[in-house]
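Per-entry structural report
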Amino acid sequence: MARLRAAIIGCGWVAESHAEDGYQAIPAQFDLAIACDVDPARAQAFAQRYGIAESCASYDEVLARHDIDVVSICTPPSLHFPMVMAALDAGKHVICEKPFVSSLALADQIIERQKTCTARVMPIFQYRFGTGIKRVKHVIETGLAGRGYVHAIDTFWKRGPDYYKVAWRGKFATELGGVLLTQSIHMHDLMMYLVGPAAAVAGFKATRVNPIEVEDCAVAALKMEDGSLVSLTATLGSQKQITRMRFCFENVTFEIDTGNIADATPGAAGRPGEPDWVMIPKTPEIGAEIQAAMDSVAPYEEARFARQFALFHTALETGGPFPVTLEDARRSLELITAIFHTNETGEAVALPIGPDHPKYHGWVPRR
Ligand SMILES: NC(=O)c1ccc[n+]([C@@H]2O[C@H](COP(=O)([O-])OP(=O)(O)OC[C@H]3O[C@@H](n4cnc5c(N)ncnc54)[C@H](O)[C@@H]3O)[C@@H](O)[C@H]2O)c1
């Protein structure tokens, strides 16, 4: 397939990763042609910084262009749904940031719309694309790990007043939620990517760290479809930033701990997909077998955004599935819906969640 021409919509923090780590890292597949932001000065400065030929302040203008194939939606969460739908109407492929949209109903609307149009949508979960996690997934899929027992996922990050100076953050209307929507969503996706979907969820959330509307602390206990149990903890008030995942299987325990990061800057809490995970086998013999399986997985040449974008390009070329699907994004929103509901009712929530659930149309509290 020819090089695709892409536009970035929303030239803020994550847009830098889409530009530099994504499109521009794989120039044979993509030409990043336009930077678009409602703030024209921001769009222009971004275009200059990354050597992008054009900038503009109107999304409609980008959608009207016949020479643009793909739009990257890097705007605040509340804008994702209308922007994705408008792109599909205009025949543009979409790469959309997390959190995907504000309800399961809207996710299902996009899934339905996708069936009747040629343009396609890929949600972002870039942490999946690292050699470390690829090897662990391979061991689980081959059956070598055995039955899952208990898994623990900790997202202990730090965000303070400076982070909330950006107007859309901290508010339900624009961020849609807090640590569950914006930070731990990545680790929770990785967990489900490795062990499959949840069957039941019980938990609590609270706002204790910052004077904001949305949650900045959460805990949940999950029963997974495969029978294993999972604990999730998430906060934005940890003085040491830690991203820690521990998976206990019958034959092996896998661990990744990107702790030891006293740096409180956003983004400094580690990338759990990339480094080699610690592998603790039940016996040396099983260990040798698992190690051989892990070694048989070739390392990625590029990671995170570049890898996900390269696989997006391949999928468009072959008509195959995207490396992150709409169903994956829906699943991440289903977990959030369940945690908000169990927090409110004090009762465990059974998954999957369909149209008859009281929070199918959204977890955001109604005023
Ligand atoms: N995948 C990741 O690791 C990751 C990391 C950070 C943020 N994100 C997600 O990316 C999204 C953006 O977050 P951010 O931190 O980059 O935000 P940001 O505030 O830094 O940037 C958002 C930009 O969108 C622009 N914008 C707002 N409305 C617009 C419109 N109608 N048309 C064009 N531009 C518009 C704003 O002017 C701003 O420049 C959020 O959904 C966030 O959760 C993902």
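Residues numbered from 1 in each chain as written. Predicted model: local features only at pLDDT ≥ 70, side-chain atom pairs only at ≥ 80, totals over all residues. Heavy atoms only, no water.

Topic: the overall build of the chain
- Scanning the chain from N- to C-terminus turns up twelve helices and 14 strands.
- Taking the principal axes of the C-alpha coordinates as reference, the chain spans close to 60 × 50 × 45 Å.
- In the chain, which comprises 367 residues, the share counted as buried stands at 56%.
- Restricting the contact set of the chain to residue pairs at least 6 apart, pairs at least 24 apart contribute 71%.
- Summed over its atoms, the accessible surface of the chain is roughly 15200 Å², and 53% of this surface lies on carbon and sulfur atoms.
- For the chain, the distance from the average site of its 35 positive side-chain charges to the average site of its 43 negative ones is 3 Å. (Helix = DSSP H or I, 4+ residues; strand = E, 2+ residues; numbered from the N terminus. Buried < 20%, exposed > 50% of the residue type's maximum accessible area, 1.4 Å probe, protein only. Contact = heavy atoms within 4.5 Å. Areas by Shrake-Rupley, 256 points an atom, 1.4 Å probe, with all protein chains shown as cover. Lys, Arg positive; Asp, Glu negative; His and termini not counted. Charge placed at Lys NZ, Arg CZ, Asp CG, Glu CD.)

As for the domain arrangement of the chain
- Domain boundaries in the chain define domain 1 (4–124) and domain 2 (128–304).
- Domain 1 and domain 2 are separated by 27 Å when their C-alpha centres are compared.
- The tally of links between domain 1 and domain 2 comes to one salt bridge.
- Linking Arg304 and Asp21 is a salt bridge whose minimum nitrogen-to-oxygen distance equals 3.1 Å.
- Summed over the shared surface of domain 1 and domain 2, the number is three residue pairs in polar contact (both at pLDDT 80 or more).
- Per-class residue counts for the side of domain 1 that touches domain 2 are six nonpolar, two polar and two charged. (Domains from an automatic or database assignment. Salt bridge = Lys/Arg side-chain N within 4 Å of Asp/Glu carboxyl O. Polar contact = N/O pair within 3.5 Å; in protein donor to acceptor, adjacent residues only side chain to side chain. Nonpolar A, V, L, I, M, F, W, Y, C, P; charged D, E, K, R; others polar.)

Comments concerning the sheet that holds strand S13 (residues 278–281)
- Taken in spatial order, the eight strands of this open sheet run S13-S12-S11-S7-S10-S9-S8-S14, and their pairing is mixed. Whereas interior strands pair on both sides, the edge strands pair on one side only; in this sheet they are S13 and strand S14 (349–350).
- For strand S8 (residues 198–206) and S14, the ladder comprises two bridges, and the chain directions are antiparallel. Note on S14: the bridge partner recorded for Val201 is Val349.
- Relative to strand S11 (residues 237–249), helix H9 (residues 185–195) is tilted by about 5 degrees, and along the sheet it contacts strand S7 (148–158), strand S9 (217–224), strand S10 (229–235) and S11. (Pairing = 2+ DSSP bridges. Axes fitted to C-alpha atoms, helices over the stretch in contact; angles between N-to-C directions.)

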